Amino acid sequence: MTGMEARDAELKKELDATLHARKELGAEYESALVDSFLEKVEQRLDGAVDRRVRRQLAEQQMVVARDARSPQGSSDSWGERFGFGIVSLVLAIPLSAIGGGVAQLPGLLVAWAGIVGVNVVQAARLSPSFFGRRRNKPDSDWDG
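Being a predicted model, the structure only gives us computed values, none of them experimental.

### Some points on the overall build of the chain
Right, so step 1: Each helix and strand counted, the chain has three helices and zero strands in total.
Right, so step 2: In the chain, the order of α-helices and β-strands from amino to carboxyl end is α-α-α.
Right, so step 3: Relative to all contacts within the chain whose residues are 6 or more apart in sequence, the contacts with residues 24 or more apart total 45%.
Right, so step 4: Taken as a whole, the chain presents about 12,000 Å² of accessible surface, with 62% of it coming from carbon and sulfur.

Spelled out as structure tokens, the structure:
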């Protein structure tokens, strides 16, 4: 028997006991018996609602915690941009030396074009509005 079926069976027993007590005590106690039974039902409903609310709050907290830890949530951080800039400058030194040593000025230009290209792509990925391309969604499907 699942948890829900057990609670239903328990509630059915309570109802049967209330009806049996009404038969024994008579109609004058009917109001008190009904109030007592409804109080028990209300307590069970309150408990079920409390459990659902707690579960939903826990799920929302988990979603917020996952978003806070996800790489997408922190991808626009100053530290990542600064680190990427430092790494590209550090790598620019040997790339410049290799390009300039092998193919002189054209090799140096190709190496720096690659470095600049990688940094432009990184800048565009971190902030799409960097190049003035903002995607504005229409407020509704009716707006063209």
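Still more to cover.
### What to know about a positive patch on the surface
Right, so step 1: On the surface, Arg 7, Arg 51, Arg 52, Arg 54 and Arg 55 cluster together to form a positively charged patch.
Right, so step 2: For the positive patch, the element with the highest residue contribution is helix 2 (residues 30–69), accounting for four residues.
Right, so step 3: By the secondary structure assignment, Arg 7 is in helix 1 (residues 3–25).
Right, so step 4: For Arg 7, a relative accessible area of 38% puts it in the partly exposed group.

### Some words on a negative patch on the surface
Right, so step 1: On the surface, Asp 35, Glu 39, Glu 42, Asp 46 and Asp 50 cluster together to form a negatively charged patch.
Right, so step 2: Counting through the fold element by element, Asp 50 comes out in helix 2.
Right, so step 3: Residue classification places Asp 50 among the partly exposed residues on the basis of a relative accessible area of 42%.

### A word on the side chain of Ser 96
Right, so step 1: Note that Ser 96 resides in helix 3 (residues 78–126).
Right, so step 2: With relative accessibility at 15%, the residue Ser 96 sits in the buried group.
Right, so step 3: Apart from the residues lying within four places of it in its own chain, the contact partners of Ser 96 are Gly 101, Leu 108 and Trp 112.

### Details of the environment of Glu 80
Right, so step 1: When you line up the elements, Glu 80 lands in helix 3.
Right, so step 2: Placed 46 residues apart in sequence, Glu 80 and Leu 126 show a C-alpha to C-alpha distance of 9.4 Å.

### Description of unusual backbone geometry
Right, so step 1: One non-glycine residue, Gln 104, lies in positive phi territory at about 50°.
Right, so step 2: The residue Gln 104 is located in helix 3 in this model.
Right, so step 3: Relative accessible area serves as the criterion here: at 51%, Gln 104 is assigned to the exposed category.

### Looking at the pattern of salt bridges
Right, so step 1: By the definition in use, this model includes five salt bridges.
Right, so step 2: Among the salt bridges present, the one from Glu 10 reaches Arg 44, with a minimum N-O distance of 3.0 Å. Of this pair, Glu 10 sits in helix 1 while Arg 44 is found in helix 2, placing the two residues 34 residues apart along the sequence.
Right, so step 3: A relative accessible area of 28% means that Arg 44 is categorised as partly exposed.
Right, so step 4: Between Glu 30 and Arg 22 there is a salt bridge, with its nearest N and O atoms 2.9 Å apart.
Right, so step 5: We classify Glu 30 as partly exposed; its relative accessible area is 33%.

Conventions and cut-offs
- Every chain is numbered independently, its residues counted from 1 as its sequence is written.
- Reporting in this predicted model follows two pLDDT cut-offs: at least 70 for local features of residues, and 80 or more for side-chain atom pairs to be given and counted; totals over whole chains, interfaces and linings ignore these cut-offs and use all residues.
- The basis for the side-chain values is all heavy atoms of the structure; hydrogens and waters are excluded.
- The helix count covers DSSP runs of H or I at least four residues long, the strand count covers runs of E at least two residues long, and both are numbered beginning at the N terminus.
- For this analysis, residues touch if any pair of their heavy atoms sits within 4.5 Å.
- All accessible-area figures derive from a Shrake-Rupley calculation using a 1.4 Å probe, and residue coverage is judged against the displayed protein chains alone.
- Each patch is built from residues lacking any salt bridge and having more than 30% relative accessible area; the joining distance is 9 Å for like charges and 5 Å for nonpolar side chains (Val, Leu, Ile, Met, Phe, Trp, Tyr).
- The working definition used for a salt bridge is a side-chain nitrogen of Lys or Arg within 4 Å of a carboxyl oxygen of Asp or Glu.
- In this tally, Asp and Glu contribute negative charge and Lys and Arg positive charge; neither His nor the terminal groups of the chain are included.
- Taken as the charge centre is NZ of Lys, CZ of Arg, CG of Asp or CD of Glu, depending on the residue.
- Using a 1.4 Å probe on the protein chains alone, a residue whose accessible area is under 20% of its type maximum counts as buried, one over 50% counts as exposed, and one in between counts as partly exposed.

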